[in-house]
Amino acid sequence: MRSTRQCSRSACAHPAAATLTYVYVDSTVVVGQLAASAEPHSYDLCVDHAERFTAPRGWDVVHIQQEYVDNGPSEDDLEALANAVREAGRPRQAAVQPPAPVASEPRRGHLRVVGGSI
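Residues numbered from 1 in each chain as written. Predicted model: local features only at pLDDT ≥ 70, side-chain atom pairs only at ≥ 80, totals over all residues. Heavy atoms only, no water.

## As for the sheet that holds strand S1 (residues 18–23)
Working step 1: Across the sheet, which stays open at both edges, the four strands sit in the order S3-S1-S2-S4 with mixed pairing between neighbours. Every other strand in the sheet has two partners, leaving strand S3 (42–45) and strand S4 (60–63) as the edge strands with one partner each. On average, adjacent strands in this sheet sit at an angle of 20 degrees to one another, irrespective of strand direction.
Working step 2: Here six bridges tie S1 to strand S2 (residues 28–33), and the two strands are oriented antiparallel to one another. Across the sheet, residue tyrosine 22 finds its bridge partner in S2, namely valine 29. (Pairing = 2+ DSSP bridges. Helix = DSSP H or I, 4+ residues; strand = E, 2+ residues; numbered from the N terminus. Axes fitted to C-alpha atoms, helices over the stretch in contact; angles between N-to-C directions.)

## Brief notes about the side chain of serine 42
Working step 1: Topologically, serine 42 is positioned in strand S3.
Working step 2: Classification of serine 42 by relative accessible area gives buried; the value is 15%.
Working step 3: Looking at serine 42, its side chain comes within polar contact range of the main-chain oxygen of glutamate 39, at 3.4 Å.
Working step 4: Every residue in contact with serine 42, bar those within four places of it in the chain, is listed here: Thr19, Leu20 and Thr21. (Buried < 20%, exposed > 50% of the residue type's maximum accessible area, 1.4 Å probe, protein only. Polar contact = N/O pair within 3.5 Å; in protein donor to acceptor, adjacent residues only side chain to side chain. Contact = heavy atoms within 4.5 Å.)

## Considering the packing of aromatic side chains
Working step 1: Tallied over the entire structure, the rule returns four aromatic pairs.
Working step 2: Note on tyrosine 22 and tyrosine 43: the rings are 6.2 Å apart at their centroids and 80 degrees apart in plane angle, and the pair reads as edge-to-face. Taken together, the positions of tyrosine 22 in strand S1 and tyrosine 43 in strand S3 put the pair 21 residues apart, joining distant regions of the chain.
Working step 3: Taking the centre distance of 5.8 Å and the plane angle of 90 degrees together, the rings of tyrosine 22 and tryptophan 59 count as edge-to-face. Taken together, the residues tyrosine 22 in strand S1 and tryptophan 59 in the loop between helix H1 (47–51) and S4 connect sequence positions 37 residues apart.
Working step 4: A relative accessible area of 23% places tyrosine 22 in the partly exposed class.
Working step 5: With a relative accessible area of 24%, tryptophan 59 lands in the partly exposed category.
Working step 6: An aromatic cluster of three or more residues is present, and its members are Tyr22, Tyr24, Tyr43 and Trp59. (Phe/Tyr/Trp six-rings, centres within 6.5 Å; stacked < 30°, edge-to-face > 60°.)

## Brief notes about the nonpolar core
Working step 1: Among the nonpolar cores identified, the biggest contains ten residues, and these are Cys7, Cys12, Ala18, Leu20, Val29, Val31, Leu45, Cys46, Ala50 and Phe53.
Working step 2: Of all the secondary-structure elements, those providing two or more residues to this core are S1 and S2. (Core = buried A, V, L, I, M, F, W, Y, C linked by side-chain atoms within 4.5 Å.)

## As for unusual backbone geometry
Working step 1: Here the phi dihedral of alanine 11 falls at roughly 65 degrees; this positive angle occurs in a residue that is not glycine.
Working step 2: Following the sequence through the fold, alanine 11 ends up in the segment before S1.
Working step 3: Not every positive phi belongs to a glycine, and serine 27 is a case in point at roughly 50 degrees.
Working step 4: Relative to the elements of secondary structure, serine 27 occurs in the loop between S1 and S2.
Working step 5: Since its relative accessible area comes to 26%, serine 27 is described here as partly exposed.

Put into structure tokens, the structure is as follows:
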């Protein structure tokens, strides 16, 4: 199934197409194809941000993949969305509640009145 992760840049809602990783020991930034799973020390970028990325001064940038393609949602994504919409549209069954006591029946609660003088 294709990833539905979003770009890590603030205020960007585009889908992720590349993964950026800093290699601090070598002062290198690696930008490559989207990783299979999100890693805590890497950043997902959309096509625009991956192509326009610039590294800090003195750092090298290595682009593993030259062209980043955003294919949009896959068939699996669309099917999952359709199933979620169907599920949300189904009428919900009301929970069965016990019938309320009839006024002629005495209530059997946990509180009771205790007679006596004060």
